Amino acid sequence: MTGATATQTLAPTAAIHTPHRIVVVGGGAGGLELVTRLGDTFGRRGKADVALIEKARTHLWKPLLHEVAAGSMDVGRHELDYLAQAHWHGFRFRFGEMIGLDRARRLVHLAANFDDDGRVITPVRSFGYDTLVIAIGSVSNDFGTPGVKEHAICLDTPDQAQRFNRRLVNACLRAHTQAEPVRPGQLHVAIIGAGATGTELSAELHRTVRAVVAYGLDKIDPDKDIKITLIEAGDRIVPALPKRLSEATTRLLNELGVEIRVGARVTEVTSDGVRLASGDFIPSELVVWSAGIRGPDVLNDFDGLEVSHASQLVVRPTLQATRDDNVFALGDCAYLLPKGETRPIPPRAQAAHQQASHLFTQIGRRLAGQPIAPFRYRDFGSLVSLGEFSTIGNLMGFLAGRGLFIEGYFARLMYRSLYKMHETALHGPLKVGLDTIARFMTRRTEPHVKLH
Ligand SMILES: Cc1cc2nc3c(=O)[nH]c(=O)nc-3n(C[C@H](O)[C@H](O)[C@H](O)COP(=O)(O)OP(=O)(O)OC[C@H]3O[C@@H](n4cnc5c(N)ncnc54)[C@H](O)[C@@H]3O)c2cc1C
């Protein structure tokens, strides 16, 4: 296997290289599955030169971030080192953030990386490609709402989720040790956006904050002092689910004591709360913003490629960019409007997973000089995990023949199976089976929330 060549040594040329250079940018839910399979099948055997460009050093499956934020998941136990994964699976890991593209010379440009003391770790570099797959996910869309950047936390990365968790535990410690009684608004959490992320976080937080307090912070009365408010501009929570599922979820959250404000548009986030268009002010010590996503900024000026209104790369049914056959996109950063549909494929892990599987086969066909087939999305339904309280969702499509409402243990199993599918794509079934048993056993001797 030869490495994707850096410009320092690459004569700029648009000729196809031998072996074919496949570069995947973004090792997330979709990208890491794809590059692992490409490395195993083509990289190892020298049939292609496979590389992953990624700005983080480790991978954590993004749908776990609300559990990290709530403190019910230890990142260290679930994160995966890209360098090791690349070594085991026949691809190269190129550490760095993609900052631009040169389509004529088929080069991806990367920013430099610096350590905490400002010393360069990796310099500005460029890598050549013959087939490029953009899989860089999404970032939270604050729609320009004042105060979000300064005072709210988004759950886009493990760092942000951990930062929220530290603030939460610190808030509990502060309230426990202060001389005066807990102030109104102190220990209140406002979650803006009641899609799956915000809704799941509200249920998970309800449980973990109580668990933290139960470790001896007895000056705090959870029922009196802690308040979680879920704020949604639309007329119901989890709008991606059918209405009756959203009603069932509302009922469950109400039973837990989570306050739900629907039809409530946020106009400003301040250091001590959230202002609504109605004029109401919701005092909150902690604010989470989870009200929609958009493509990362780098796509807005991506060497002339077409982007959607939400900064995603517009792709054809083959997942190729509308203006370049050599550039593909998958997952949250791709905008694909299937023929005859009015809504694009949703930004979900199951879509990224299906697109990764599809592209793996189609890139194989491309290497063999065969035509590539269009992608067809199968919606298996949506599931919302309400922590240990319940999981609610609907199974759709050919799995159940038609929409089927599921709840409870079976729904929880289905929810967990999405993550197991991801882990299996990365490690194979044997390792995942052994890991699952090991995690189950060690969990019994650990605190069930993160306390630092
Ligand atoms: C809290 C939460 C809960 C969720 N729950 C569910 C769920 O239950 N079911 C579901 O289907 N979906 C869920 N989602 C959505 C799901 O996480 C995303 O749809 C999915 O992760 C998208 O996969 P992706 O591969 O497109 O991007 P990601 O998984 O986000 O990966 C993108 C990768 O690209 C890297 N990257 C970004 N920019 C650059 C750059 N410029 N250069 C190099 N690398 C870059 C990032 O570091 C990251 O590793 C949830 C999301 C959140 C936040």
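Keep in mind that what you see is a predicted model, and the values were worked out from it rather than measured. Counting restarts for each chain: residues are numbered from 1 in the order of the written sequence. Only residues with pLDDT of at least 70 are given local features in this predicted model, and only at 80 or more are side-chain atom pairs given and counted; all residues enter the totals for whole chains, interfaces and linings. Hydrogens and waters are ignored; side-chain quantities use all the structure's heavy atoms.

## A short note on the overall build of the chain
When helices and strands are tallied, the chain shows 13 helices and 28 strands. Residues classed as buried in the chain amount to 51% of the 452 residues present. Throughout, a contact is declared for two residues whenever any of their heavy atoms are within 4.5 Å. Here the contacts in the chain between residues at least 6 apart in sequence split such that 65% fall between residues at least 24 apart. Comment: elements are numbered from the N terminus, with helices defined as DSSP H or I runs of at least four residues and strands as E runs of at least two. Only protein chains enter the area calculation, which uses a 1.4 Å probe; residues under 20% of their type maximum are buried, those over 50% are exposed, and those in between are partly exposed.

## Some words on the site of the ligand
Inspection of the region around the ligand gives 30 residues, with Ala29, Gly30, Glu54, Asp332 and Ala349 positioned closest. Any pair of N or O atoms that falls within 3.5 Å is considered a polar contact. Within protein, one atom must be able to donate a hydrogen and the other to accept it, and sequence-neighbouring residues count only if both atoms are side-chain atoms. Within the backbone of glycine 30, an N or O atom sits 2.8 Å from an oxygen atom of the ligand. Expressed as a share of its isolated accessible area of 1000 Å², the protein-covered part of the ligand is 91%. Only α10 (349–367) and α12 (409–427) provide two or more residues apiece to the shell around the ligand. We define proximity as follows: a residue is near a molecule or strand when any one of its heavy atoms falls within 4 Å of that partner. Each accessible area value is a Shrake-Rupley result obtained with a 1.4 Å probe; residue values ignore everything except the protein chains displayed when judging cover.

## What about the pairing of strand β18 (residues 273–276)?
For a regular strand, side chains alternate in direction, first toward one face of the sheet and then toward the other. At least two bridges found by DSSP between two strands is the condition for calling them paired. Bridge analysis of strand β17 (residues 266–270) against β18 gives four bridges, and the strand direction is antiparallel. From the neighbouring strand, valine 266 faces β18, where its bridge partner is leucine 276. If you look at the hairpin formed by β17 and β18, you'll find two residues sitting between the two strands. Direction of pairing for β18 relative to strand β19 (residues 281–283): antiparallel, over a ladder of three bridges. The partner of valine 274 across the bridge, within β19, is isoleucine 282. Where β18 folds back onto β19 in an antiparallel hairpin, the turn is made up of four residues, including glycine 279, whose phi is positive at roughly 100 degrees.

## Topic: the pairing of strand β10 (residues 125–128)
Neither face of β10 is left uncovered, since the one carrying Arg125 and Phe127 and the one carrying Ser126 and Gly128 both have all their residues buried. Pairing of strand β7 (residues 107–110) with β10, which is carried by four bridges, proceeds in the antiparallel orientation. When the sheet's bridge partners are listed, leucine 110 is paired in β10 with arginine 125.

## Some thoughts on the packing of helix α1 (residues 31–43) against helix α4 (residues 82–89)
For every element, the axis is a line fit to its C-alpha atoms; helices are fit only across the contacting stretch, and the angle between N-to-C directions ranges from 0 to 180 degrees. The N-to-C vectors of α1 and α4 enclose an angle of 30 degrees; their axes lie 8 Å apart at closest approach. Comparing their axes, α4 and α1 come out roughly parallel. Contacts between α1 and α4 involve Leu32, Thr36, Gly39 and Asp40 on the former and, on the latter, Tyr82, Gln85, Trp88 and His89. Note on residue categories: nonpolar means Ala, Val, Leu, Ile, Met, Phe, Trp, Tyr, Cys or Pro, charged means Asp, Glu, Lys or Arg, and polar means any other residue, Gly included. Of the residues belonging to the contact of α1 with α4, the class tally is three nonpolar, four polar and one charged. Every angle not falling under 35 degrees, over 145, or within 65 to 115 is termed oblique; those three ranges are roughly parallel, roughly antiparallel and roughly perpendicular.

## Some words on the sheet that holds β19
Strand pairing in a sheet takes place through backbone hydrogen bonds and is either antiparallel or parallel in direction. Across the sheet, three strands lie side by side as β17-β18-β19; this open sheet has antiparallel pairing. Each of the sheet's edge strands pairs with one partner strand only, and the pair in question is β17 and β19. Adjacent strand axes in the sheet meet at a mean angle of 15 degrees when their direction is disregarded.

## Some words on the pattern of salt bridges
Close approach of charged atoms lets side chains of opposite charge pair. Here, a salt bridge means any Lys or Arg side-chain nitrogen found within 4 Å of an Asp or Glu carboxyl oxygen. The tally for this structure, following the rule as stated, stands at 21 salt bridges. Of the charged contacts, one joins lysine 227 and glutamate 259 as a salt bridge, the two residues approaching to 2.9 Å between their closest N and O atoms. Within this pair, whereas lysine 227 is found in strand β15 (residues 227–232), its partner glutamate 259 is found in strand β16 (residues 259–262), the two being separated by 32 residues in sequence. Using a relative accessible area of 26% as the deciding quantity, one classes glutamate 259 as partly exposed. One salt-bridge network, held together by shared partners, links Lys227, Glu259, Arg261 and Asp280.

## Let's talk about a nonpolar patch on the surface
On the surface, Ile437, Phe440 and Met441 cluster together into a nonpolar patch covering about 350 Å² of accessible area. Position of isoleucine 437 relative to the elements: it lies in helix α13 (residues 429–443). The patches described consist of residues with a relative accessible area above 30% and no salt bridge, like charges being joined within 9 Å and nonpolar side chains (Val, Leu, Ile, Met, Phe, Trp, Tyr) within 5 Å.

## Some words on the environment of tyrosine 419
Mapped onto the elements, tyrosine 419 comes out in helix α12. For tyrosine 419 and alanine 349, which are 70 residues apart along the polypeptide, the C-alpha to C-alpha distance reads 9.2 Å. Among all residues touching tyrosine 419, those that are not within four sequence positions of it are Trp61, Leu64, His78 and Arg439.

## With respect to helix α7 (residues 196–214)
A helix is expected to span 1.5 Å multiplied by its residue count minus one. Taking 1.5 Å per residue as the helical rise, α7 with its 19 residues ought to reach 27 Å, and the 27 Å between its terminal C-alpha atoms agrees with that figure. In this scheme, the bend at a residue equals the angle between the axes fitted to the seven residues that finish there and the seven that begin there. Of all the bends in α7, the greatest, near 25 degrees, is centred on leucine 205. In terms of residue burial, α7 counts as a mostly covered element, since 15 of its 19 residues are buried. Backbone geometry just after α7 places glycine 216 at a positive phi near 110 degrees.

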